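What the coordinates show
Residues per chain are reported as follows:
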Amino acid sequence: MKRNYLIFIVVAVICLAVFAQADVIIKQKTSIESSAIMNIEINGVEYIKGDKNYNSSSTNMVGGMMAMMGKKTTSEFIQITRLDKDVIWDLDPQNKTYSESSLASLQQMMAGTGQTPESENEDETSEYNWTLDVKTSDKDVEINGFKCTGIIGKATGINKNNPEDKMRLTYEYWYAKDVPGLDELEDYHNKFSKATGFDITMPRQHVQKIFNKYGSQFDKMTEKMQGVEGYPIKTVILVESTKGVEGGEGDYGEEMPPGMKEMLSGLSNKKQSQKSESDMIKVFSLSNEILSIEKKNVDDSKFEIPEGYKKKETH
């Protein structure tokens, strides 16, 4: 489904947007909700030392249709990046297996995330008249102990043919300049970019491409973000609509499996009861925040394949 494709690409972009170096430990949390389809939470921690990176994350399905269908609710993911060995290891903790790829393959993968089928690149909001408001926060806000400055953008659209049909896109980008190990973060970024050709600003560009279906509104809201000096602490994206999810059927249409239509209808009705004060229904939301950053010695063994893991056979 297009909506699921969107979610997992966003998750991949966010996971790749946070890098660090020189015995720095970063903890972060991501929450994603896509109408009635899914509601997931991702908790991650990174250990970085020199040109080595260990990234562990736990994904939990906490609501939505997929959780109700009994899909696996929790999954673990570990990735070790070794710039010194030109290699990335993806570990499967459940099966004690791992796969191996080169840094160049990461560059190819990220290039692919910015490309969607032509039908998905169409602006689905051209029938709306949009009003944009982008501003920098008047005062600093403390988020998880970090003193942050925020860039807040809001785009409100009114259907040209039906004034009762409205959409609202909200974007918040909070960043801090006083971050432990900031010099090391920038140093690792430079090394990583040199090894892969992948610039750390690219995830922002990919997010804009992913939200192409909402026209240029997100592009305009994120323009102020370009060139901002500081470390991203929290990012919030919210899409709301007076219509919510039309019909509650997502992309299944007439081919919806038995019982799913009723399930989606129930979830959609629940959404209707959760309208905001301005009579809007949440269609999609994403929140990513850094919980903590600390400089602390990390043992070299953290960046090796654990004992007992077997390499997956390639075909």
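For the structure itself, look to the data block above.
To keep things clear, this report deals only with the structure shown in the data block. (Residues numbered from 1 in each chain as written. Predicted model: local features only at pLDDT ≥ 70, side-chain atom pairs only at ≥ 80, totals over all residues. Heavy atoms only, no water.)

Our focus in this paragraph is the overall build of the protein. When its secondary structure is counted, the protein shows seven helices and 13 strands. Counting every position in the protein, which comprises 315 residues, the buried fraction comes to 46%. Looking at the protein as shown, the accessible area adds up to about 16,200 Å², and 46% of this sits on carbon and sulfur atoms. (Helix = DSSP H or I, 4+ residues; strand = E, 2+ residues; numbered from the N terminus. Buried < 20%, exposed > 50% of the residue type's maximum accessible area, 1.4 Å probe, protein only. Areas by Shrake-Rupley, 256 points an atom, 1.4 Å probe, with all protein chains shown as cover.)

Let's shift gears to the pairing of strand β12 (residues 281-295). Summarising the sheet, strand β1 (residues 24-34) and β12 pair through 11 bridges and their orientation is antiparallel. Each bridged residue has a counterpart across the sheet, and for S34 the counterpart in β12 is F284. Two elements, strand β11 (residues 231-241) and β12, share eight bridges in a ladder whose sense is antiparallel. Looking at β12, one finds that V239 is bridged to F284. (Pairing = 2+ DSSP bridges.)

This paragraph deals with the pattern of salt bridges. Under the criterion given, the structure shown has 10 salt bridges. Here E33 and K282 are joined by a salt bridge, their closest N and O atoms 3.4 Å apart. Of this pair, E33 sits in strand β1 while K282 sits in strand β12, and the two are 249 residues apart along the sequence. For E33, a relative accessible area of 14% translates into the label buried. (Salt bridge = Lys/Arg side-chain N within 4 Å of Asp/Glu carboxyl O.)

Here we come to helix α4 (residues 182-196). Look at α4: 21 Å from first C-alpha to last across 15 residues, which is about the 21 Å you get at 1.5 Å a residue. Downstream of α4 by a residue or two, G197 has a phi angle that is positive, lying close to 75°. (Expected span 1.5 Å × (residues − 1).)

This next bit is on the side chain of R168. Within the fold, R168 resides in strand β10 (residues 166-176). There is a polar contact of 2.9 Å between the side chain of R168 and the side chain of E240. (Polar contact = N/O pair within 3.5 Å; in protein donor to acceptor, adjacent residues only side chain to side chain.)

The next subject is the nonpolar core. Ranked by internal contacts, the top residues of the largest apolar core, which has 23 residues, are M167, L169, F218 and V239. Breaking this core down by element, the ones donating at least two residues are β2 (38-49), β7 (128-136), β9 (146-159), β10, α6 (217-222), β11 and β12. Looking at which element gives the most residues to this core, the answer is β10, with five residues. By size, the runner-up hydrophobic cluster in this structure holds 14 residues, among which are I26, W174, A176 and I233. (Core = buried A, V, L, I, M, F, W, Y, C linked by side-chain atoms within 4.5 Å.)

To continue, consider the side chain of N288. Inspection of the secondary structure puts N288 in strand β12. In this structure the side chain of N288 is engaged in a polar contact, spanning 2.6 Å, whose partner is the side chain of T30.

Looking now at unusual backbone geometry. One non-glycine residue, K96, lies in positive phi territory at about 55°. Note on placement: K96 falls in the loop between β5 (87-92) and β6 (97-101). Residue K96 is classed as partly exposed on the basis of its relative accessible area, which comes to 44%.

Right, let's talk about the pairing of β10 for a bit. Here β10 lies mainly inside the structure; nine of its 11 residues are buried. For β9 and β10, the ladder comprises 10 bridges, and the chain directions are antiparallel. Across the sheet, residue K154 finds its bridge partner in β10, namely T170. Where β9 folds back onto β10 in an antiparallel hairpin, the turn is made up of six residues. Relative to β11, β10 runs antiparallel, the two being bridged by 10 bridges. For W174, the partnering residue across the bridge sits in β11 and is K234.

So, on to the environment of E46. Here E46 is to be found in strand β2. Take E46: its relative accessible area is 1%, and that puts it in the buried class. Here the alpha-carbon distance between E46 and Q28, two residues 18 residues apart in the chain, equals 8.7 Å. Within polar-contact distance, the side chain of E46 engages the side chain of N53 at 3.0 Å.

Glancing now at the packing of aromatic side chains. The relative placement of two aromatic rings is captured by the distance of their centres and the angle of their planes. Overall, the coordinates contain three aromatic pairs when judged by the stated rule. Pairing Y128 with W130 gives two aromatic rings, centres 5.9 Å apart and planes at 40°, and the pair type is tilted. Each member of the pair, Y128 together with W130, is buried. K302 extends its terminal NZ or CZ atom over the ring of Y47, reaching a point 4.5 Å from the ring centre. Over the aromatic face of Y54 sits the side chain of K302, whose NZ or CZ is 4.7 Å from the ring centroid. (Phe/Tyr/Trp six-rings, centres within 6.5 Å; stacked < 30°, edge-to-face > 60°. Lys NZ or Arg CZ within 6 Å of the ring centre and 35° of its normal.)

Here I25 is to be found in strand β1. As a C-alpha pair, I25 and Y54 span 29 residues in sequence and 9.6 Å in three-dimensional space.

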